[in-house]
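Chain by chain, the residues run as shown.
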Amino acid sequence: MKTTYARLRRTLGQLAYEKRYGVRTAELIELDKLGIAGEGRGYYVAASWRTLRRTLSRKEITPRDVFVDFGSGMGRMVLEAARFPFGRVVGVELSEDLHKIAEANVRRTRQRLLCRDIELLHGDVLTYQIPDDVSVAFFNNPFQGLVFATVIERLVASLDRNPRRLKIIYYNPVEERTVLDTGRATLARELVHARRRTAGTPFGLTKVFELR
Ligand SMILES: C[S@@+](CC[C@H](N)C(=O)[O-])C[C@H]1O[C@@H](n2cnc3c(N)ncnc32)[C@H](O)[C@@H]1O
């Protein structure tokens, strides 16, 4: 009863947030409905609105920092990141439909955002050239297997080209082993983002890794 009430309150809170800012991000969509189902790809569902406010401190972000959401969907985390003083915020999304919704969401809220350099890219992350200044990489369990391993490998290669501090925020960290197996990552923080989580699974958790 208590949990149902808490969930209802959270859903109403999220809807109120969307109404207030005039954006649309709260849906659950299977990727086959978007015509982009594929091995290692799951579904569209946005991370919780407060994820970045719970994992990043405003003081640690400067205009030299660059945020990338790999699999940005309707752009909820792009909007969240742009409320921090990042120099640039990027979202890369495979589905054209979701990408267009993200563009509309950014258009509606741009005036309220701190970061004005927002780039939304439509395409496969595998065709995206990871910039050598990305300092926060966000994943909401967007893809698994070879695609995820390739992106992590490219992040490490980018660090080798331009040594710096790189944070990975991994929401529902299904493939955290891939991150740890680089031998370059340390777990900096772990938080529970869902009140009802199944113990022993990565769902309901967010993990923050520092890569060097
Ligand atoms: C769980 S949703 C997360 C959306 C967003 N990051 C958020 O938290 O609001 C995962 C997204 O990854 C996208 N995706 C899956 N495979 C992809 C790929 N290879 N390249 C780019 N985006 C991909 C999906 O279309 C989906 O929108």
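One can find the structure itself at the top, above this paragraph.
How each quantity is defined
- Per chain, residues are indexed from 1 in the order of the written sequence.
- Per-residue local features of the predicted model are confined to residues with pLDDT of at least 70, and side-chain atom pairs are confined, for both listing and counting, to 80 or more; whole-chain, interface and lining totals are unaffected and use all residues.
- Only hydrogens and water are removed before side-chain values are computed, so all heavy atoms of the structure are retained for them.
- In this text, helices come from DSSP runs of H or I with a minimum length of four residues, and strands from runs of E with a minimum of two, each type numbered from the N-terminal end.
- Note on method: radius of gyration uses C-alpha positions; expected globular size equals 2.2 Å times residues raised to 0.38.
- In what follows, a contact means two residues having at least one pair of non-hydrogen atoms within 4.5 Å.
- Surface accessibility follows the Shrake-Rupley procedure with a 1.4 Å probe radius. Residue values consider only the protein chains on display as shielding.
- Neither His nor the chain termini are counted; the positive set is Lys and Arg, and the negative set is Asp and Glu.
- A charged residue contributes its charge at one atom only: NZ of Lys, CZ of Arg, CG of Asp or CD of Glu.
- Salt bridges are counted wherever a side-chain nitrogen of Lys or Arg sits within 4 Å of a carboxyl oxygen of Asp or Glu.
- Each residue's exposure class comes from its accessible area (1.4 Å probe, protein chains only) as a fraction of the maximum for that residue type: buried when under 20%, exposed when over 50%, partly exposed otherwise.
- Strands are labelled as partners when DSSP assigns at least two bridges between them.
- Orient the strands so they point away from the viewer, and a crossover whose first-strand-to-second-strand path over the helix runs clockwise is right-handed.
- A cavity here means a set of 1 Å grid points, computed over protein atoms only, where a 1.4 Å probe fits but cannot escape. A pocket is an open set with protein on both sides within 12 Å along at least 5 of 7 lines, and lining residues have an atom within 4 Å of a point.
- Grid points are joined across faces, edges and corners, and a volume is the space filled by probe spheres set on the points.
- Residue polarity follows a fixed list, in which Ala, Val, Leu, Ile, Met, Phe, Trp, Tyr, Cys and Pro are nonpolar, Asp, Glu, Lys and Arg are charged, and the others, Gly among them, are polar.
- Throughout, the term near means that a residue has one or more heavy atoms lying within 4 Å of the molecule or strand in question.
- Throughout this description, a polar contact denotes any pair of N or O atoms lying within 3.5 Å of each other; where both atoms belong to protein, one of them has to be capable of donating a hydrogen while the other can accept it, and for residues adjacent in sequence the pair is counted only when both atoms sit in side chains.
- The rule for placing a molecule in a cavity or pocket is simple: more than half of its atoms must lie within 2 Å of the grid points.

**Side note on the overall build of the chain**
Moving on, step 1. The helix and strand tally for the chain stands at 6 helices and 9 strands.
Moving on, step 2. Computed over C-alpha atoms, the radius of gyration of the chain comes to 16 Å, within 12% of the 17 Å expected from 2.2 N^0.38 for 212 residues, which places it in the range of a compact globule.
Moving on, step 3. For the C-alpha atoms alone, the extent of the chain along its principal axes is close to 50 × 40 × 40 Å.
Moving on, step 4. Across the chain, contacts joining residues at least 24 apart in sequence account for 72% of those joining residues at least 6 apart.
Moving on, step 5. Of the roughly 11,100 Å² of accessible surface on the chain, a fraction of 50% belongs to carbon and sulfur atoms.
Moving on, step 6. Looking at the chain, you have 37 positive and 25 negative side-chain charges, and the mean spots of the two groups are 10 Å apart.

**Quick look at the pattern of salt bridges**
Moving on, step 1. Applying the stated criterion to the full structure yields 14 salt bridges.
Moving on, step 2. A salt bridge links Lys167 to Glu210; its shortest N-O distance comes to 4.0 Å. Of this pair, Lys167 sits in strand S7 (residues 166-171) while Glu210 sits in strand S9 (residues 205-211), and the two are 43 residues apart along the sequence. Summarising the burial analysis for this pair, Lys167 and Glu210 share the class buried.
Moving on, step 3. Through salt bridges with shared partners, a single ionic network connects Glu60, Arg165, Lys167 and Glu210.

**Some details on the pairing of strand S4 (residues 88-93)**
Moving on, step 1. Extensive coverage of S4 is indicated by the burial of 6 of its 6 residues.
Moving on, step 2. As judged from the 5 bridges shared by strand S3 (residues 66-70) and S4, these two strands associate in the parallel manner. The residue of S4 that forms the bridge with Phe67 is Val89.
Moving on, step 3. Crossover handedness for the path S3 to helix H3 (residues 76-81) to S4: right-handed.
Moving on, step 4. For the crossover from S4 across helix H4 (residues 96-109) to strand S5 (residues 118-122), the handedness is right-handed.

**Here's the deal with empty space enclosed by the protein**
Over the atoms, a rolling probe the size of a water molecule traces out where space has been left empty.
Moving on, step 1. Here the structure, examined in full by the defined rule, presents 2 cavities of 30 Å³ or more.
Moving on, step 2. Space inside the largest cavity adds up to approximately 410 Å³.
Moving on, step 3. Gly71, Ser72, Gly73, Glu93 and Pro142 are the residues nearest the centre of the largest cavity, which is lined by 30 residues in total.
Moving on, step 4. Residue assignment for the lining of the largest cavity shows that the elements contributing at least two residues are strand S2 (43-44), H3, S4 and strand S6 (136-140).
Moving on, step 5. The calculated volume of the second largest cavity comes to roughly 50 Å³.
Moving on, step 6. Around the second largest cavity, the lining residues are Tyr17, Tyr21, Trp49, Leu79, Arg83, Thr109, Arg112 and Leu113.
Moving on, step 7. Each residue belonging to the lining of the second largest cavity can be placed in one class, and the counts come to 5 nonpolar, 1 polar and 2 charged.

**Remarks on the side chain of His99**
Moving on, step 1. Mapped onto the fold, His99 is located in helix H4.
Moving on, step 2. A relative accessible area of 8% places His99 in the buried class.
Moving on, step 3. For His99, the contacting residues outside a window of four places in its chain are Gly73, Glu93, Leu120, Leu121 and His122.

**Notes on the site of the ligand**
Moving on, step 1. Lining the immediate surroundings of the ligand are 24 residues, of which Asp69, Gly71, Glu93, Val125 and Asn140 lie closest.
Moving on, step 2. Contacts to the ligand include Ala47, whose backbone N or O atom sits 3.0 Å from an oxygen atom.
Moving on, step 3. At 2.9 Å from a nitrogen atom of the ligand is found a side-chain nitrogen or oxygen belonging to Asp69.
Moving on, step 4. Summarising the interface, the protein chains cover 100% of the accessible area of the ligand, which totals 600 Å² for the free molecule.
Moving on, step 5. Among the cavities detected, the one that contains the ligand is the largest cavity.
Moving on, step 6. Residues belonging to the shell around the ligand are distributed by class as follows: 14 nonpolar, 5 polar and 5 charged.

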